[in-house]
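What follows is the residue order along each chain.
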Amino acid sequence: MPMSTSLLSRPRAGLCADRAAVPLEHVEVRAEIHGAHARVTCSQRYRNRDHRPIEAVYVFPLDESAAVCGFAAVVNGVRFEGCVRPRDEAFAKYDDAMSEGHGAFLLDEERPDVFTASIGNLEPGAEVQIELTYVTELSCEGESLRFMLPTTVAPRYAPPEDRVGIGRSPEQALNPPRRHDVPYGLSFTATVTASSAVRRIESPSHPIAVDVDGHCATVTLAQEAVALDRDVVVLITTREIDGPQIILERGTNGRVTAALTFRPSFQTARVPDDIAFLVDRSGSMQGSSIEQVRNALQLCLRSLDEGCRFNIVGFGSAFESLFEECREYNDGSLAEANRYVASLGATLGGTNLLPALDFVLEHGSNSKRVLQLIVMTDGEVTNADAVIEAVRQRRDQVRVFTFGIGRGASHHVVKGLARAGRGAAEFVYPGERIEPKVLRQLRRALSPTLSDARIDWGGLATTIPGEVGPVFADDPLRAYAFLDEVPEGRATLWATGPDGPLSWFIDIRPTMVADGRIAGILAARARIRELEEGGTWRERGSRQRARANDRVVSEIERLGTEYGLASRETSWVAIEKRDVPTLSEAVLRKVPIAVTSGWGGEDIRFGGGSRDTGQFDTAAFDAMLLAAPEFRMPLGRVERRAPGRASSHQPSAPGWIARLRSRLGGNDSHSDASQPSPDVSDALQRPVGALRPLDVLIALQRADGAWELDQALANAIGVPLGELQRRVSGAIGNIEEAQRAWATALALSFLERDAASSRDEWALLAAKARRWLDDVKTQPPGGGSWREFAGKMLSASRG
């Protein structure tokens, strides 16, 4: 990213000693949520408690999809409005004001989800309030809308090339000073206006207070102020899911912008595919994050179909691959994968994502199939551009589906990878149920690709910022367009599926046009994002590329200044002209940020420091993140494990087999075929006290979708094995197949009757079981359906 030669190259002091006050006193956020869009105002209050003028610098996160459209500074009750300028021009204006002794305020984008606020020449005892405004989209999660407010920048791993540079390196720009405790907090309020009655509002991140009145609601944090150490997540569920809709908005420039939301619904058959799982095993994933990854992988593995081929690649400072290449999905490969997943730990050092990603993209599939790549990571890297570009260059051979794991996952990396790979992103916050998110992603990944997606305006002249995104069944698809006119008509979304063209439409009427400042801003931001992630503008090496780069930069600057948007090429700047300039040179004060809650595991202590002192030892952090322990491979080398062999540095699962067998009512004899295998035992990740029959049933399912009639199954469904064997003794046909059909029908009936509330956990594996059962040739005693036979038996056994 281009660096200014003024502000960013100027020598700067480090954070002052602990006895000096942190200039940031409080952060207040107010959100106005209207349907699937929100306008958010963030206020940061600074005070200089030093005896000298200071320059306060605060690095903080924003929503990755945020379009920052307002910036102002309030000094002693006087408001100074900011303006958007090309980046170097804004820096020069800020520096000139500083050198002339005036107040200067700058807002600069480091990455789409990381910004820096600079408050220059804040005089002793003075207070200033910085206000920034942005508009954003809410993501859709099943029946809910998800509002997310990031509050802290988790430590970012920097590869060697990002540790150097003119002025600040990317490593320095994205890794501000950190403390376990900071003296400022966050207050948050949101007003919600929905299109139908609000049914439920909840937060997996914070205790909240909710006041609902029909279509409207007010949300506040239960505490007056909270630490800025985790994302604020609010889930909003209404009585009805919004269908297709269009918003027509006339902006202050007189131009009409259309914001469209399609909800395409269609049926597609699952197709065998090559699927690779790229799993973050860096140190930052310790604790609940790696546990969530293990649970997600186990659910994914159980939900695959025979005919698929799969592989798992773990990465950190180096990476390792379970198989040489994608292997056929069957009982043998599933058993190996179970052992591998059970031993996974966050033990591979720094989040060096790019080499592992390149390896998977190059070697993930040796067939003509499109590779379905599922990435599980917190995304905490500095080289987001290179990571996203690696996928963009191979988008014809891969689709990418991402999971952002943890309390401070990088939304730019997680969403950017999914955009570049024509996939989708899901975020998993500690404590959230992971099952529905995993199954949504698997449905997308295992569904056929719909190609040639486009929006037809019936010949109307339009400019559509951003390409039309991937089309998935029942997922909302959002798009924007600048319209030259608004006639009566319709907008039609077209796509080509395996069986031919598909289409969905939205009616348009001129009477729909209303004044507003959300759709146009979001459309301009979508176009800027398309240019920023296009790749061409960052390339060097020829005059043609240089000219293309100049055109792209000029277009970003034009959109940024016309719509008042921060971007990589435009920054916000505000100046306080003073009658009496400040003559003393300002002392730099870098505002420390709170360490992300749970980062690297709850019990990690850095450099002998503790949470009591609140000090984050940056040197120890760097050593842990960047230096490879003895057991790690050199950067980029691939270690492939022998089947069933856990890494020597991995903790085993002590007592799992014995405890599970005891739980299931068996003994510890390895020769007893009725007992679950070590593969199955190791696959179960829940503590023994929390094991449910559902967990056992999921772990016992074969790769082809069937279950075996054995003691483990009998105990799980609560019926004696002898009784089950007696009931099937009169089956018509091959007795071995009949026993499996009987066991499979029993498992399905149990799931539908006793685990209905957890349907989203077992829906895909149950569909696989039904397909297997449909191909069975044997019949139960007396004929008829195996599932009817099983339902009657379970009902009778329970009185």
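Up top is the structure.
Here the structure is a predicted model, which is why all the values come from computation and not from measurement.

The next thing to look at is the overall build of the protein. Secondary structure summary: the protein contains 19 helices and 36 strands in total. Of all 799 residues assigned to the protein, the portion counted as buried reaches 58%. Contacts in the protein between residues at least 24 apart in sequence constitute 76% of all its contacts with a sequence separation of at least 6. Of the roughly 31400 Å² that the protein leaves accessible, carbon and sulfur atoms contribute 48%.

Here we come to unusual backbone geometry. In this structure, N76 takes a positive phi of about 50° despite not being glycine. Residue placement: N76 occurs in the loop between β4 (67-75) and β5 (78-81). The backbone of N121 shows a phi angle near 60°, a positive value even though the residue is not glycine.

A few words now on the packing of helix α14 (residues 693-700) against helix α17 (residues 735-754). Two elements in contact, α14 and α17, have axes separated by 11 Å at closest approach and are oriented at 145°. For the pair α14 and α17, the crossing hand works out as left-handed. In this structure, α14 uses P693, L694 and L697 to contact α17, whose residues at the interface are A747, F750 and L751. Taken together, the residues of the contact of α14 with α17 break down into six nonpolar, no polar and no charged.

Counting residues in hydrophobic clusters, the biggest one holds 66 residues, and the most contacted among them are Y46, Y58, F147 and F188. Look past the residues within four positions of Y58 in its chain and what remains in contact with it is L24, V27, Q44, Y46, F115, T116, A117, Y184, L228, V591 and I593.

The next thing to look at is the sheet that holds β4. With mixed pairing, eight strands are arranged side by side in an open sheet as β5-β4-β9-β2-β1-β13-β16-β15. The open sheet has two free edges, formed respectively by β5 and β15 (208-213), since each of these has just one partner strand. On average, each strand axis in the sheet is tilted by 15° relative to the strand beside it, whichever way the strands run. Here strand β1 (residues 24-34) pairs with strand β13 (residues 185-193) via nine bridges, running parallel. When the bridges of β13 are listed, H26 appears paired with G185.

With that settled, the discussion passes to the packing of aromatic side chains. Any aromatic ring pair is given by two values, namely how distant the centres are and how the planes are angled relative to each other. According to the stated counting rule, one finds 13 aromatic pairs in the structure shown. With a centroid separation of 6.5 Å and 45° between ring planes, the pair formed by F71 and W572 is classed as tilted. With a gap of 501 residues between them, F71 in strand β4 and W572 in strand β33 (residues 570-576) connect regions that are remote in the sequence. With a centroid separation of 5.9 Å and an interplanar angle of 25°, the aromatic rings of F147 and F188 are classed as stacked. Placement of the pair is F147 in strand β11 (residues 144-149) and F188 in strand β13, with a sequence separation of 41 residues. Residues F147 and F188 agree in their burial class; the two are buried.

Another point: empty space enclosed by the protein. Taken as a whole, this structure holds 10 cavities of 30 Å³ or more when the rule is applied. Put simply, the largest cavity is a space of about 230 Å³. Together, 24 residues line the largest cavity, and L145, T238, I241, D242 and R263 are the ones closest to its centre. Every element with two or more residues in the lining of the largest cavity is listed here: β1, β11, β13 and β17 (232-238). Taken together, the residues of the lining of the largest cavity sort by class into nine nonpolar, 10 polar and five charged.

With that out of the way, let us pick up the pairing of strand β2 (residues 37-47). If a strand is regular, its side chains alternate between the two faces of the sheet. Counting buried positions over the 11 residues of β2 gives eight, a clear majority of the element. In terms of strand pairing, β1 meets β2 through 10 bridges, oriented antiparallel. If you follow V29 over to β2, its bridge partner there is C42. In sequence, β1 turns back onto β2 through a hairpin of two residues, with G35 there showing a positive phi of about 60°.

Glancing now at the sheet that holds β33. Taking strand neighbours across the sheet as the criterion, the six strands line up as β6-β33-β7-β8-β3-β34 in an open arrangement whose pairing is mixed. Sheet topology places β6 (83-86) and β34 (587-590) at the edges, where each strand pairs with a single neighbour. Direction aside, neighbouring strands of the sheet carry axes that sit 25° apart on average. Of the strand pairs in this sheet, strand β3 (residues 54-61) and strand β8 (residues 114-122) are connected by seven bridges, and their pairing is antiparallel. Counted as the bridge partner of Y58 is A117 from β8. Packed on one face of the sheet, helix α1 (residues 87-99) meets β3, β6, β7 (103-111), β8 and β33 and runs near 150° to β7.

Moving on to the environment of P592. Along the polypeptide, P592 turns up in the loop between β34 and β35 (593-594). A sequence separation of 534 residues divides P592 from Y58, and the C-alpha atoms of the two residues are 7.5 Å apart.

Burial runs high along helix α8 (residues 435-445): 10 of the 11 residues are buried. Taken together, the buried positions of α8 are E435, P436, K437, V438, L439, R440, Q441, L442, R444 and A445.

This next bit is on the packing of helix α6 (residues 384-392) against helix α7 (residues 411-420). Here α6 crosses α7 at 20°, and the two axes come no closer than 8 Å. As far as their axial angle goes, α7 and α6 are roughly parallel. Where α6 crosses over α7, the handedness of that crossing is right-handed. On α7, the residues touching A384, D385, V387, I388, V391 and R392 of α6 are H412, V413, G416, L417 and A420. Split into classes, the residues belonging to the contact of α6 with α7 amount to seven nonpolar, two polar and two charged.

Now for the pairing of β15. As paired elements, β15 and strand β16 (residues 216-221) share six bridges and run antiparallel to each other. Bridge pairing links A209 to T220 in β16. Counted along the chain from β15 to the antiparallel partner β16, the turn is two residues long, and its residue G214 has a positive phi close to 65°.

So, about the environment of V553. Structurally, the position occupied by V553 is in helix α10 (residues 543-563). Under the relative-accessibility criterion, V553 is labelled buried at 17%. V553 sits 17 residues away from T570 along the chain, and the two C-alpha atoms are 9.7 Å apart.

Quick notes on the rules
Residues numbered from 1 in each chain as written. Predicted model: local features only at pLDDT ≥ 70, side-chain atom pairs only at ≥ 80, totals over all residues. Heavy atoms only, no water. Helix = DSSP H or I, 4+ residues; strand = E, 2+ residues; numbered from the N terminus. Buried < 20%, exposed > 50% of the residue type's maximum accessible area, 1.4 Å probe, protein only. Contact = heavy atoms within 4.5 Å. Areas by Shrake-Rupley, 256 points an atom, 1.4 Å probe, with all protein chains shown as cover. Axes fitted to C-alpha atoms, helices over the stretch in contact; angles between N-to-C directions. Left-handed = near helix turned anticlockwise from the far one by under 90°. Nonpolar A, V, L, I, M, F, W, Y, C, P; charged D, E, K, R; others polar. Core = buried A, V, L, I, M, F, W, Y, C linked by side-chain atoms within 4.5 Å. Pairing = 2+ DSSP bridges. Phe/Tyr/Trp six-rings, centres within 6.5 Å; stacked < 30°, edge-to-face > 60°. 1 Å grid on protein atoms, 1.4 Å probe; cavity = no way out; pocket = protein on both sides within 12 Å on 5 of 7 lines; lining within 4 Å. Points joined across faces, edges and corners; volume = space filled by probe spheres on them. Parallel < 35°, antiparallel > 145°, perpendicular 65-115°, else oblique.

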